[in-house]
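Below, each chain spelled out in residue letters.
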Amino acid sequence: QVQLIESGGGLVQAGGSLRLPCAASGRTFSSYSMYWFRQAPGKEREFVAAISRNGIIAYYADSVKGRFTISRENAKNLVYLQMNRLKPEDTAVYYCAAKIGGVGVNPTSSGMDYWGKGTLVTVSS
């Protein structure tokens, strides 16, 4: 069982930056590939970024590529989403998720094993 707790959300102006940490419980954090998804009001939850168990491989949605960076610290049970050059369309609740095993190229929300409760990011224009 893994518990995930996101933090770091808030209100930021367009062009600004935020870093979202996600803290995981348990002693097997390095067994999980980690993901960030987001859900905007009235829209479906969508994939944002993924990182492999050892932190070497990362995948991004086209909409955030070049602006967002996912990273992890296995010794601290933490995964991060660094978000730069934020846009109003990035406004959403951001969720951290974990999947047992290797990172998927086209991850879907239905494929995740554990979820956090989310943190709200609001980008003003």
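In case you missed it, the structure is sitting above this.
This write-up is about the structure you can find in this document. Since this is a predicted model, take the numbers as computed values, not measurements. (Residues numbered from 1 in each chain as written. Predicted model: local features only at pLDDT ≥ 70, side-chain atom pairs only at ≥ 80, totals over all residues. Heavy atoms only, no water.)

**A word on the nonpolar core**
Formed by 37 residues in total, the largest nonpolar core has its most connected members in Leu-4, Met-34, Trp-36, Val-79, Leu-81, Met-83 and Tyr-94. At the level of secondary structure, the elements contributing two or more residues to this core comprise β3 (18-24), β4 (32-39), β5 (46-51), β7 (68-73), β8 (78-83), β9 (92-100) and β11 (119-124). With sequence-adjacent residues up to four places away left out, Met-83 is seen in contact with Gly-16, Ser-17, Leu-18, Leu-20, Arg-67, Phe-68, Tyr-94 and Val-121. (Core = buried A, V, L, I, M, F, W, Y, C linked by side-chain atoms within 4.5 Å. Buried < 20%, exposed > 50% of the residue type's maximum accessible area, 1.4 Å probe, protein only. Helix = DSSP H or I, 4+ residues; strand = E, 2+ residues; numbered from the N terminus. Contact = heavy atoms within 4.5 Å.)

**Topic: the sheet that holds β7**
With antiparallel pairing, the 4 strands of this open sheet are ordered in space as β1-β3-β8-β7. Across the chains shown, the open sheet's two edge strands, defined by having one partner strand only, are β1 (4-6) and β7. With direction set aside, neighbouring strand axes in the sheet form an average angle of 15°. By the bridge criterion, 3 bridges tie β1 to β3 in an arrangement that is antiparallel. Directly across from Ile-5, in β3, lies its bridge partner Ala-23. (Pairing = 2+ DSSP bridges. Axes fitted to C-alpha atoms, helices over the stretch in contact; angles between N-to-C directions.)

**Structural notes on the side chain of Ser-52**
Here Ser-52 shows up in the loop between β5 and β6 (58-60). On the basis of relative accessible area, Ser-52 is assigned to the buried category, the value being 6%. For Ser-52, the side chain forms a polar contact with the main-chain nitrogen of Ile-56, separated by 3.2 Å. Other than its neighbours up to four places away in sequence, Ser-52 contacts Ile-57, Arg-72 and Val-103. (Polar contact = N/O pair within 3.5 Å; in protein donor to acceptor, adjacent residues only side chain to side chain.)

**Examining the pairing of β4**
With 7 of its 8 residues buried, β4 lies for the most part within the structure. Bridge analysis of β4 against β9 gives 8 bridges, and the strand direction is antiparallel. Residue pairing for β9: Phe-37 is matched across the bridge by Tyr-95. Relative to β5, β4 runs antiparallel, the two being bridged by 5 bridges. Looking across to β5, one finds that Tyr-35 is bridged to Ala-50.

**Things to note about the side chain of Asp-90**
With respect to the helices and strands, the residue Asp-90 is situated in the loop between β8 and β9. Accessibility expressed as a relative area gives 0% for Asp-90, which makes it buried.

**Brief notes about the pattern of salt bridges**
Scanning all chains against the criterion turns up 5 salt bridges. Note that Arg-38 and Glu-46 form a salt bridge whose closest N and O atoms lie 2.6 Å from each other. Taking relative accessible area as the criterion, Glu-46 reaches 35% and is therefore assigned partly exposed. The shortest N-O distance in the salt bridge between Asp-90 and Arg-67 comes to 2.7 Å. Here Arg-67 lies in the loop between β6 and β7 and Asp-90 lies in the loop between β8 and β9, a separation of 23 residues in the sequence. Taking relative accessible area as the criterion, Arg-67 reaches 6% and is therefore assigned buried. What emerges from the salt-bridge pattern is a single network uniting Arg-38, Glu-46, Arg-67 and Asp-90. (Salt bridge = Lys/Arg side-chain N within 4 Å of Asp/Glu carboxyl O.)

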